[in-house]
Amino acid sequence: MVMRHRRLLSTACAALTTGLAASLTACGSGPAQPSNVITFSSNQCGGNWGVPGPGWHTFEIDNQSTGGGEIDLIDPANGAIYAEAENTGPGTITPMSLNLGSGTYAFMCNFNDFNTQVGAKVTVGGHAKGTPAVMPVSYNETIPYAKKYQAYAEAGLKVLARETATLAADFRAGDLTAAKKDWLTAHLQYQTLGAAYGTFGDYDGAIDGDANATGVTSPDWTGFYRLEYGLWHGQSAHVLTPVAAQLSKDVNALLAWWPTQQIPLSDVGLRTHEILENALQFQLSGNDDYGSGTTLAATLANIGGTRTLLGLLRPLLVPRYAGLPAVYSGLDQLQSLLEREHRPDGTWVAVSALPTSTREAIDAACGAVLQSLAPIASITQPRNIANDF
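Computed from a predicted model, the values in this text were never measured in an experiment.

Trainee: What is the right way to read the overall build of the protein chain from this model?
Mentor: Within the protein chain, the secondary structure is distributed over 12 helices and 11 strands. Counting all 389 residues of the protein chain, 53% fall into the buried class. For the protein chain, long-range pairs separated by at least 24 residues make up 74% of all intrachain contacts whose partners lie at least 6 apart in sequence. Element-wise, carbon and sulfur atoms account for 53% of the exposed surface of the protein chain, whose accessible area totals about 16,600 Å².

See below:
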């Protein structure tokens, strides 16, 4: 599935928060917050700092080093992260807001080309609860999950290769009725593989590219959407047979090439959000409907791909993300709404034919589950972890 990113309002909360644990709370930073500027450099991780007591607080992270880096507020006993300021550039000030509870805190600094540092410990007294800390995920912890997804994607591509071969045979036989059925089967199979899209390279555009760049009459437009347009706009088997043959060829080339690739470790968690973000922008909007009216079915396949990733990452998420049950309940609600639009004859209601109230309910359900998925990328991001813990 081609991921064409235009950022959504549903992701604004995650983008604006300045910390890992802050992204696990509601969007917004609570009541008015006291703040103070704390200086960081390649040889000073915060220096001496303090706060008057528990409650919402904003630290102004002043990076006076000569390079960029990441600064986390941690529990010095075990390295669990309360908040983070990522990609702080030299000479910049970045706000870090969170609800400080009673406990002991320290800043941890990861500057480019320097060893990880942990600064002074500061204890906040009392018995107040604040933003919870989240145990970081190390690079070694994520490697098995990336390998498992690599294997899952390879198995899925083998299924896809068989299905596109069947589809190509339909066109050679001139059976457009069978081709419509087998097109949907194969396309939905591809849609379940969305988490790997960043590693499919140019194959993704050839297999699942839209006509936005080329136009629907261009011979350079290939893949599933080209076949969909032809099948539902009266084009003949003679015209579409070479397109289907090229699709099958491209899928087999991707399958042969795939074992040499490697999914970036950070991508596995990131895609849990981006698959459905893409679905909301392009499937649920009807943008990717070239005549079949099956974008709701494609969104269901995207949910399946998301569930696969969540199942894969579950051992990492269960002890770290209290919002995980809300993710599953949100997916269930969205799936139920979509399944209601699957007609008894096997066809689907097109997005353009949905009543306004139904379309709004589906969009709202997708937006809500995106909110709950947003923190997972940060929670499962592999991190350099100091040896002090």
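Trainee: Would you mind going over the state of the cysteines with me for this structure?
Mentor: The term disulfide refers to a covalent linkage connecting the sulfur atoms of a pair of cysteines. Counting across every chain of the model gives one disulfide. The disulfide that involves Cys45 links it to Cys109, with 2.1 Å between the sulfurs. Judged by the sign of its S-S torsion, about 95°, the cystine formed by Cys45 and Cys109 is right-handed. Of this pair, Cys45 sits in strand β2 (residues 44–45) while Cys109 sits in strand β7 (residues 103–111), and the two are 64 residues apart along the sequence. Accessibility classification places Cys45 together with Cys109 in one group, the buried group.

Trainee: Would you mind going over the packing of aromatic side chains with me for this structure?
Mentor: The description of two aromatic rings rests on the distance between their centres and on the angle between their planes. Under the criterion given, the structure shown has 14 aromatic pairs. Aromatic pair Tyr82 and Tyr105: ring centres 4.5 Å apart, planes at 45°, arrangement tilted. With Tyr82 in strand β5 (residues 81–88) and Tyr105 in strand β7, this residue pair connects regions lying 23 residues apart in the sequence. Ring centres 5.2 Å apart and planes at 80° place the aromatic pair Phe200 and Trp258 in the edge-to-face group. Taken as a pair, Phe200 in helix α4 (residues 197–200) and Trp258 in the loop between α7 (237–257) and α8 (265–283) lie far apart in primary sequence, 58 residues in all. For the pair Phe200 and Trp258, a shared accessibility class is recorded, and that class is buried. Ring pairing ties together the aromatic residues Phe40, Trp49, Phe59 and Phe107, which thus form one cluster.

Trainee: Can you help me understand the side chain of Gln150 in this one?
Mentor: Summarising the element assignment, Gln150 is placed in helix α2 (residues 139–172). Relative accessible area serves as the criterion here: at 13%, Gln150 is assigned to the buried category. Reaching out from Gln150, the side chain makes a polar contact with the backbone oxygen of Gln261 at a distance of 2.8 Å. Not counting residues up to four positions away in its chain, the partners in contact with Gln150 are Trp258, Pro259, Gln261, Gln262 and Ile263.

Trainee: What's the story with α7 in this structure? I'm lost.
Mentor: Because an α-helix completes one turn every 3.6 residues, residues spaced three or four positions apart along the sequence face the same direction. An ideal rise of 1.5 Å per residue puts 30 Å on 21 residues; α7 measures up with 30 Å between its terminal C-alpha atoms. Considered for burial, the residues of α7 that qualify are Ala237, Leu240, Val243, Ala244, Leu247, Ser248, Asp250, Val251, Leu254 and Leu255. Seen end-on, α7 carries its buried residues on one side only, within an arc spanning 160°. Turned more than 90 degrees away from the buried face of α7 sit His238, Pro242, Lys249 and Ala256, all of them exposed.

Trainee: Help me out: how do you make sense of the side chain of Glu84 in this one?
Mentor: Note that Glu84 resides in strand β5. Residue Glu84 is classed as buried on the basis of its relative accessible area, which comes to 4%. For Glu84, the side chain forms a polar contact with the side chain of Ser378, separated by 2.9 Å.

Trainee: I tried to follow the pairing of β5 on my own but got confused; where do I start?
Mentor: Taken residue by residue, a regular strand's side chains alternate between the two faces of the sheet. Of all the eight residues making up β5, six are buried; the element is thus mostly covered by neighbouring parts of the structure. Here strand β4 (residues 69–74) pairs with β5 via five bridges, running antiparallel. Pairing of Asp72 across the sheet is with Glu84, part of β5. Counting the residues in the hairpin turn of β4 and β5 gives six residues, including Gly79, whose phi is positive at 85°.

Trainee: What is the right way to read unusual backbone geometry from this model?
Mentor: It is generally the case that most residues other than glycine have a negative phi and that most peptide bonds are trans. Although it is not a glycine, Asn87 adopts a positive phi angle of roughly 50°. Its location among the elements puts Asn87 in strand β5. The phi angle at Asp113 is positive, at roughly 70°, despite the residue not being glycine. Note on placement: Asp113 falls in the loop between β7 and β8 (117–118). By relative accessible area, which is 80% here, Asp113 ends up exposed.

Trainee: When you look at the pattern of salt bridges in this model, what are you seeing that I'm missing?
Mentor: Between side chains of opposite charge, a pair can form as their charged atoms come close. Scanning the entire structure with this criterion turns up six salt bridges. Salt-bridge contacts for Arg383 lead to Glu70; the nearest nitrogen and oxygen are separated by 3.2 Å. With Arg383 in strand β11 (residues 382–383) and Glu70 in strand β4, the pair connects residues that are 313 residues apart, well separated along the chain. When sorted by exposure, Arg383 lands in the same class as Glu70, which is buried.

Trainee: Even after reading the chapter, I still don't get the environment of Gly103, so can you show me in this structure?
Mentor: Structurally, Gly103 is set in strand β7. On a C-alpha basis, the gap between Gly103 and Val122 in space is 8.3 Å, while along the polypeptide they are 19 residues apart. For Gly103, the contacting residues outside a window of four places in its chain are Val122, Thr123 and Val124.

Trainee: Any chance you could explain the packing of helix α10 (residues 324–339) against helix α11 (residues 356–373) here in plain terms?
Mentor: Any two packed helices are characterised by how steeply their axes cross, that is the angle between the axes, and by the distance between the axes. Following both chains from N to C, one finds α10 and α11 inclined at 160°, their axes separated by 9 Å at the closest point. Classified by the interaxial angle, the pair formed by α10 and α11 is roughly antiparallel. Crossing angle aside, the handedness with which α10 passes α11 is left-handed. Facing Ala326, Val327, Gly330, Leu331, Gln333, Leu334, Leu337 and Leu338 of α10, the residues of α11 in contact are Ala361, Ile362, Ala365, Cys366, Val369, Ser372 and Leu373. In terms of residue class, the contact of α10 with α11 is built from 12 nonpolar, three polar and no charged.

What counts, and where the lines are drawn
- Residues numbered from 1 in each chain as written.
- Predicted model: local features only at pLDDT ≥ 70, side-chain atom pairs only at ≥ 80, totals over all residues.
- Heavy atoms only, no water.
- Helix = DSSP H or I, 4+ residues; strand = E, 2+ residues; numbered from the N terminus.
- Buried < 20%, exposed > 50% of the residue type's maximum accessible area, 1.4 Å probe, protein only.
- Contact = heavy atoms within 4.5 Å.
- Areas by Shrake-Rupley, 256 points an atom, 1.4 Å probe, with all protein chains shown as cover.
- Disulfide = S-S within 2.5 Å.
- Phe/Tyr/Trp six-rings, centres within 6.5 Å; stacked < 30°, edge-to-face > 60°.
- Polar contact = N/O pair within 3.5 Å; in protein donor to acceptor, adjacent residues only side chain to side chain.
- Expected span 1.5 Å × (residues − 1).
- Arc of directions from axis to C-beta.
- Pairing = 2+ DSSP bridges.
- Salt bridge = Lys/Arg side-chain N within 4 Å of Asp/Glu carboxyl O.
- Axes fitted to C-alpha atoms, helices over the stretch in contact; angles between N-to-C directions.
- Parallel < 35°, antiparallel > 145°, perpendicular 65-115°, else oblique.
- Left-handed = near helix turned anticlockwise from the far one by under 90°.
- Nonpolar A, V, L, I, M, F, W, Y, C, P; charged D, E, K, R; others polar.

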